[in-house]
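This is what each chain is made of:
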Amino acid sequence: MEKQHPKNLEKKWQGFWEKEGIYKLNPVGGSKSKKEMQGKQISNRVNFKKRGAIFSVDTPPPTVSGKMHLGHAFSYTQQDIIIRYHRMKGESIIFPFGTDDNGLPTERFVEKEKGVSALEMKREDFVKLCQQTLKEVKPAFIQNWKDIGMSCDFNLSYSTIDQNCQKISQRFFIDLYKMGRIYRKKAPILWCPQCQTAVAQAELADKMIDSVFYDISFSLKDSKKQITISTTRPELLPSCVAIFVHPQDKRYKNLIGKKVIVPIFGQMVSIKEDEKVDMEKGSGIVMCCTFGDVTDMEWYFTHHLPLIISISKDGKMSKTTGKFQGLTINQARVKIVDELKKEKRILAEKKIKHLVNTHERCNRAIEILPTWQWFIKILDKKEELLELGKKMNWYPEYMRYRYEHWIKNLKWDWCVSRQRFFGIPIPIWYCKKCKKVKLAKIKDLPVNPLGAQPKEKCSCGSAEFLPEKDVLDTWATSSLTPQIVESLIASRAIKKNFLPMSLRPQAHDIISTWLFYTVTRSYFHFGKIPWKDIMISGFVLDPKGEKMSKSKGNIIEPNKIIEKYGADSLRYWASGVSLGKNLRYQEKEIKNGHRTVTKIWNASRFTISHLKNFDIKNWSNKNKLYSLDQFLLSKLQKTIQKCEDSFKKYEFSSARKKTETFFWNDFCDNYLELVKWRVYSLKENDWRKKSAQFTLYYTLLTILKLFAPVLPFITEEIYQLYFRKKERQKSIHQTTFPKIDQKLIKEKRKFQGEKLMEILAEIRKEKSSKNLSQKAEIKKLTIYSKNKELLEIISLFGEDLKQTANIKEICFKQGYKKDNKFLF
RNA sequence: GGGCGCUUGGCGCAGUGGCUAGCGCGCCUGCUUUACACGCAGGAGGUCAGAGGUUCAAAUCCUCUAGCGCCCACCA
């Protein structure tokens, strides 16, 4: 073995794993691989039965966006560690890898990448460009996931825009339609004037903006009286349909029922009362416009107000605004304020900062517009969805509160139609004559209504249809990932009890979207929870604890880290924090990982160099074990136990730390030093040497296996170099996780060994304080003790102590003597 | 305004009722000991955010306060 551990292990072993199908699910599914596997079906079945329970994972399909970012590397590594552990426990792993590549996120990526605007292109051309762009960037993108050592079965792959996913998405859309869960309605919805599409509540972000709070004077009809209304949005005056005061507000009690003239636009509106009015805000009188905010919308419904739209879909003033038509919102605001000033109706203006809702994808302020949209009815099932949340195991547990909090605060049904282009079409036509909805037939899916006509006539007899032009929200498809994954599996036995899957791993930012929507779909279509366990990863922050973003210029690319330190080091960093917690990026931690990898390499190099004439096959339980070996092996059993307990609870960081402590302190610093004299100076057939060799072999292999989920590359490298030919399994990742050997647990020996370590520490301390080398000779060591147990310990480990600390003679004396423990 | 999380040596973190509160980095003193100087041995450094309470016993449980972060609401 080389003195330096080899670099660039990533390509080498990831290639090997793929070529040898180390992470392949047996039997393998997928349309292409089904054919491939037909000849091997029998052997696969046997293989499958040999392995244990199914562990199925609903892997997050990353949104294709050019490059993997550090947040991905972080959370996917955490998932992979857990899955590697389960694989080594002998479970059959279903660990697919998909990509999410349709809808607005993909469109925006393509627009940016290609410098185009979807709104200015022909629809077909844009769709083609999207497909082409994806084709270009996807292989390199997926390679990023391979480079961090993801142990997915990359044959179980999907893209949320592929034909199979379209079929599934449309099928379940029709399913919802048939059960009356999905409806089309012209209703006020959240609208992005930038992207010119409807958006869902979950896609909102917010932004602090500078604004002006204007006090505007309105005249009462048939009176000279004026009232003052404060607003930040004077451009909505044309949409003003009512004025509200609080029923308990004594100041304005006499105003209720009176009529008011809206300045400039002249419409007559009534003053009404409503509890939702905040008496403290502004003058306590508020105008209701269709629609300035959610409250306006609620008043529109509860008070049956008229509808006047002054902002059109492109974010410009509509024709109902007369001379302001065509102006942008901001232009109109300036002009209207100007006119109000001329009429002396602006009584005051106050500069303020306030939060406005924006679209998370483009950061543009959201408007509320009534449009025709498709909705999935969810508001009536809040209780049921909360119940379902309690049936799943959340790791960490408190993440469930986020799910619950989100559901409790839901105000909108889920709007799933988008007025965009690159997405899964809604499989619907409308009869030209009677306007009735015509559903696509299941067997014809996937369909694109824009390019096809229904094969049957409408029930009214007409054969002419108009296609639905809208596409589905991306989440409407990605909320079906469990069904998509199931569709890739060939085995009937597995398909039969597919739900709930074993695990949904993801980061916390998409609890209110991907997680919530998947639970919702699973409930509507199957009445079941989609998974048993949920593991939620935290976020990556920059070294100062701030969010990483392109605008801040503090992005760190995983590729660069891998190039410099290797993927194992990156994984080491990602595993250093407990699940759910945010982690700052610290190069130090990556270096620490690299240090650990080097240490593993060196310890292995030493160990293996002393195993040349040792054959594990000739070792049996009857062989005698040297007392120091009994001590180490006993302690190793405890370590296995602790690791196992931690991994089971998704506590990979504590599992890693326990392994590390045993490896570094017990094995390297102590045991290897104490074993040297036996492996260097004893004869080959001396039982004490054989015992040492067995212990070295067994302990190193166990340590490698304990590290394997976190550090898959270096452990594989060493396994292949030495252990593969002895252990027979093709890869360390196909070996079984260390099992506790009860026969090796020896409490008394463990206790005695710990005492030996204390004595050794005393000796080391003494030498260190005298500035001596640890190799310095001790002529005579006298141990004074009243404790006879110590005598036994000396008789057990005396030789190890003498050899390791270079002591010529050890004396044991009954009694106590201060400051004279050692004689040099 | 609501919910959740965090606050432990200079820095980054472990530790969730019990021996003298741990780890890594950094710092100091030594050691070129044939696996490793990306190492080894030793050492300094903390009233566990603050206040109160429960308990024989609290960093750990409860209450309050402060600071930071995230999610949500507010948007007239």
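Our structure's up above, just so we're on the same page.
Every chain is numbered independently, its residues counted from 1 as its sequence is written. All chains are assigned letters beginning with A, and all ligands numbers beginning with 1, in the order in which they are written. With pLDDT at 70 or above as the cut-off, local features in this predicted model cover only qualifying residues; side-chain atom pairs require 80 or more to be listed or tallied, and sums for whole chains, interfaces and linings still use all residues. Calculated side-chain values reflect all of the structure's heavy atoms, with hydrogen atoms and water omitted.

1. Things to note about the overall build of chain A
Each helix and strand in chain A was counted, giving 24 helices and 28 strands. With the principal axes as the frame, chain A shows a C-alpha extent of 115 × 70 × 45 Å. In chain A, buried positions account for 55% of the 824 residues. For accessible areas, the Shrake-Rupley method is used with a probe of radius 1.4 Å. Any residue's cover is judged against the shown protein chains and nothing else. Carbon and sulfur atoms make up 49% of the accessible area of chain A, which amounts to about 38200 Å² in all. In this tally Asp and Glu are treated as negative and Lys and Arg as positive; neither His nor the chain ends contributes. Just so you know, the charge point we use is NZ for Lys, CZ for Arg, CG for Asp and CD for Glu. Counting 150 positive and 93 negative side-chain charges, chain A places the averaged centre of each group 3 Å from the other. Labels follow the DSSP assignment, with helices taken as runs of H or I lasting at least four residues and strands as runs of E lasting at least two, numbered in each case from the N terminus. Per-residue accessibility, obtained with a 1.4 Å probe over protein chains only, is compared with the maximum for each type, and a residue is labelled buried under 20%, exposed over 50%, and partly exposed between these values.

2. Brief notes about the layout of surface pockets
Any empty space left between atoms is shown by rolling a water-sized probe over those atoms. Buriedness for pockets is judged along seven lines, at least five of which must meet protein on both sides within 12 Å for an open set on the 1 Å grid over protein atoms alone, while cavities are sets there where a 1.4 Å probe fits but cannot get out, and lining residues have an atom within 4 Å of a point. Grid points are joined across faces, edges and corners, and a volume is the space filled by probe spheres set on the points. Approximately 1400 Å³ is the volume attributed to the second largest pocket. Lining the second largest pocket are 42 residues, with Thr232, Arg233, Gly292, Asp293 and His354 positioned closest to its centre. Elements supplying a minimum of two residues to the lining of the second largest pocket: β7 (204-220), β8 (226-231), β12 (286-289), α8 (294-302), α9 (329-342), β13 (346-359) and β14 (367-376).

3. Some words on the environment of phenylalanine 301
Within the secondary structure, phenylalanine 301 sits in helix α8. Overall, the relative accessible area of 40% leaves phenylalanine 301 in the partly exposed class. Along the backbone, phenylalanine 301 and histidine 86 are 215 residues apart, and their C-alpha atoms lie at a distance of 53 Å.

4. Section: unusual backbone geometry
Omega for the bond connecting leucine 445 with proline 446 falls within 30 degrees of zero, at 0 degrees, which places this linkage in the cis form. If you trace the backbone, proline 446 turns up in the loop between β19 (437-439) and β20 (465-467). At the junction of leucine 499 and proline 500, the peptide bond is cis and its omega measures out at -5 degrees in the coordinates. Summarising the element assignment, proline 500 is placed in the loop between α14 (492-496) and β22 (501-507). A positive phi angle, close to 55 degrees, is found at asparagine 8, a residue other than glycine. With respect to the secondary-structure elements, asparagine 8 resides in the segment before α1 (9-20).

5. Regarding the environment of lysine 496
By the element assignment, lysine 496 lies in helix α14. You can call lysine 496 exposed: its relative accessible area is 70%. Spatially, the C-alpha atom of lysine 496 lies 18 Å from that of phenylalanine 95, the residues being 401 residues apart in sequence.

6. Things to note about the packing of aromatic side chains
Pairing of aromatic rings covers Phe, Tyr and Trp, the last through its six-membered ring, and needs centres within 6.5 Å; plane angles under 30 degrees mean stacked, over 60 mean edge-to-face, and all others mean tilted. Evaluation of the coordinates by the stated rule reveals 40 aromatic pairs. Plain terms: the ring middles of phenylalanine 141 and tryptophan 145 are 4.7 Å apart, the flat faces sit at 55 degrees to each other, and that makes the pair tilted. Residue phenylalanine 141 and its partner tryptophan 145 are both found in helix α6 (residues 123-147); the two are separated by 4 residues, about one turn of the helix. Comparing phenylalanine 141 with tryptophan 145, the two get one shared label, buried.

7. Some details on the protein's contact with RNA strand B
Within the structure, RNA strand B sits among 55 residues, and Thr231, Asp278, Leu355, Asn592 and Tyr680 are positioned closest to it. Here a residue counts as near a molecule or strand whenever at least one of its heavy atoms sits within 4 Å of it. Among all atoms of RNA strand B positioned within 4 Å of the protein, those belonging to sugar or phosphate total 66%. Separating a sugar or linking oxygen of RNA strand B from a side-chain N or O atom of glutamine 586 is a distance of 3.5 Å. Only β8, β12, β13, α11 (399-408), α18 (587-609), α20 (652-681) and α23 (747-769) provide two or more residues apiece to the surface near RNA strand B. For the surface near RNA strand B, the element with the most residues is α18, which contributes 10 residues. By the convention adopted, Pro, Cys, Tyr, Trp, Phe, Met, Ile, Leu, Val and Ala count as nonpolar, Lys, Arg, Asp and Glu as charged, and the other residues, Gly among them, as polar. For the surface near RNA strand B, the per-class residue count stands at 15 nonpolar, 20 polar and 20 charged. Two N or O atoms count as a polar contact when they lie within 3.5 Å, although within protein this holds only if one can serve as hydrogen donor and the other as acceptor, and sequence-adjacent residues are included solely when both atoms are side-chain atoms.

8. Considering the sheet that holds β20
Judged by pairing direction, the sheet is antiparallel, and its 3 strands sit side by side in the order β19-β18-β20 without closing on themselves. Each of the sheet's edge strands pairs with one partner strand only, and the pair in question is β19 and β20. Neighbour-to-neighbour, the strand axes of the sheet open up by a mean angle of 35 degrees, direction not taken into account. When DSSP finds at least two bridges between two strands, those strands are taken to pair. Of the strand pairs in this sheet, strand β18 (residues 428-431) and β20 are connected by 3 bridges, and their pairing is antiparallel. Bridge pairing links tyrosine 430 to leucine 466 in β20. Axis definition: a line fitted to C-alpha atoms, limited for helices to the stretch in contact. Angles are taken between N-to-C directions and run from 0 to 180 degrees.

9. A closer look at the sheet that holds strand β6 (residues 197-198)
With antiparallel pairing, the 4 strands of this open sheet are ordered in space as β6-β5-β14-β16. Each edge of the sheet is formed by a strand with only one pairing partner; in this case those strands are β6 and β16 (414-415). For β14 and β16, the ladder comprises 2 bridges, and the chain directions are antiparallel. Following the sheet pairing, isoleucine 376 is matched in β16 by tryptophan 414.

10. What to know about helix α21 (residues 687-707)
Expected span of a helix, by definition, is 1.5 Å for each gap between consecutive residues, and there is one gap fewer than residues. When the terminal C-alpha atoms of α21 are compared, their 30 Å separation across 21 residues agrees well with the 30 Å that a helix rising 1.5 Å per residue should span. The backbone nitrogen of arginine 688 has a side-chain oxygen 2.8 Å away, supplied by the residue at the start of α21, namely aspartate 686.

11. Some thoughts on empty space enclosed by the protein
The full count for this structure, using the stated rule, is 4 cavities of 30 Å³ or more. Within this model, the largest cavity holds a volume of roughly 80 Å³. In terms of lining residues, the largest cavity is bounded by Gly103, Leu104, Pro105, Glu203, Arg361, Arg418, Arg420, Val471, Leu472, Asp473 and Thr474. Those elements that provide at least two residues to the lining of the largest cavity are α5 (103-114) and β21 (471-472). With 3 residues, the single largest contributor to the lining of the largest cavity is α5.

12. Some words on the packing of helix α17 (residues 567-574) against helix α22 (residues 712-727)
Put simply, α17 and α22 touch, their axes get as near as 7 Å, and they point 130 degrees apart. Comparing their axes, α22 and α17 come out oblique. Of the residues in α22, those in contact with Ala567, Asp568 and Arg571 of α17 are Pro712, Phe713 and Ile714. Residue composition of the contact of α17 with α22, grouped by class: 4 nonpolar, no polar and 2 charged. Comment on the angle field: the value is read as roughly parallel under 35 degrees, roughly antiparallel over 145, roughly perpendicular from 65 to 115, and oblique elsewhere. Any pair of residues with heavy atoms lying within 4.5 Å of one another is described as a contacting pair.

13. Description of the pairing of β7
By the bridge criterion, 13 bridges tie β7 to β13 in an arrangement that is antiparallel. In the strand pairing of β13, tyrosine 214 is matched with glutamate 349. Hairpin connection between β7 and β8: a loop of 5 residues separates the two successive antiparallel strands, and aspartate 222 in this loop has a positive phi of roughly 55 degrees. Bridge count between β7 and strand β10 (residues 259-261): 2 bridges; the pairing is antiparallel. Looking at β10, one finds that leucine 220 is bridged to valine 260.

14. Things to note about the pattern of salt bridges
Counted as salt bridges are all cases of a side-chain nitrogen of Lys or Arg within 4 Å of a carboxyl oxygen of Asp or Glu. Across all of its chains, the model carries 50 salt bridges by this definition. We note a salt bridge from lysine 67 to glutamate 557, for which the minimum N-O separation is 3.6 Å. One end of the pair, lysine 67, is in the loop between β1 (54-56) and α4 (70-88); the other, glutamate 557, is in the loop between β24 (540-541) and α16 (558-565), with 490 residues separating them in the sequence. Given a relative accessible area of 25%, glutamate 557 falls into the partly exposed group.

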